[in-house]
Amino acid sequence: MAKLEQSYESVIIVSTKVGEEGTKALVEKFTKLITDHSKADSVTVDEWGKRRLAYPINYEHEGYYVKFDFTSGPDFPAELDRIYKITEGVIRSLIVAL
């Protein structure tokens, strides 16, 4: 029996301490990771850019926001969340099933 695919939305906040090159590298890394585990035509990346945080996180007041929309099997979001948590430069992340 095939696993059912579901639509997900994920938002990450990248630390501004990693710089422009580091931010670009992280966005490319996660775009490739999500594309590899999803239907390629179902991945949408929306870079919101640098924004002020509602409250300081690790003494930082700004972060670079990126939103991913994708379709995948039910096991991938947990793995993606694990990778977000261990990645240097990601200060917050959220994955929501749509």
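Structure: above.
None of the values given here were measured: they were computed from a predicted structure. Sequence order as written defines the numbering, with residues in each chain counted from 1. Only residues with pLDDT of at least 70 are given local features in this predicted model, and only at 80 or more are side-chain atom pairs given and counted; all residues enter the totals for whole chains, interfaces and linings. The side-chain quantities take in all heavy atoms of the structure and omit both hydrogens and water.

Turning our eyes to something else, we now look at unusual backbone geometry. Look at Asn58: it is not a glycine, yet its phi comes out positive at around 55 degrees. Within the secondary structure, Asn58 is located in the loop between β2 (44–57) and β3 (60–72). Burial classes: relative accessible area under 20% of the type maximum marks a residue as buried, over 50% as exposed, and values in between as partly exposed (1.4 Å probe, protein chains only). For Asn58, a relative accessible area of 55% gives the class exposed. In this model, Tyr59 sits at a positive phi of 65 degrees, which is unusual for a non-glycine residue. Mapping Tyr59 onto the fold places it in the loop between β2 and β3. Note on Tyr59: relative accessible area 80%, which makes it exposed. Counting from the N terminus, the helices are the DSSP runs of H or I reaching at least four residues and the strands are the DSSP runs of E reaching at least two.

This part is about helix α2 (residues 76–86). What α2 keeps buried is the set Phe76, Pro77, Leu80, Ile83 and Tyr84. For α2, the arc enclosing every buried residue in end-on projection is 120 degrees, short of the 170-degree limit, so these residues lie on one face. Relative to its buried face, α2 has exposed residues pointing more than 90 degrees away, namely Ala78, Lys85 and Ile86. Turning to α2, the residues buried within the fold contact β1 (6–15), α1 (19–36), β3 and β4 (90–97). Directions from the helix axis toward the C-beta atoms define the arc. Any two residues having at least one pair of non-hydrogen atoms within 4.5 Å are treated as being in contact.

Any Lys or Arg side-chain nitrogen found within 4 Å of a carboxyl oxygen on Asp or Glu counts as a salt bridge. Counted according to the given criterion, the structure contains 5 salt bridges. A salt bridge links Lys32 to Asp36; its shortest N-O distance comes to 2.9 Å. Linking Lys32 with Asp36, this pair stays in helix α1, spanning 4 residues, or about one helical turn. Residue classification places Lys32 among the exposed positions, given a relative accessible area of 53%. Accessibility expressed as a relative area gives 51% for Asp36, which makes it exposed. Between Lys67 and Asp69 there is a salt bridge whose closest N-O contact spans 3.4 Å. The class for Lys67 is buried, based on a relative accessible area of 16%. Among the charged side chains, a network of salt bridges with common partners joins Glu9, Lys67 and Asp69.

Our focus in this paragraph is the environment of Ile57. With respect to the element layout, Ile57 can be found in strand β2. Considered as a pair, Ile57 and Arg92 are 35 residues apart in the sequence and their alpha carbons are 8.7 Å apart.

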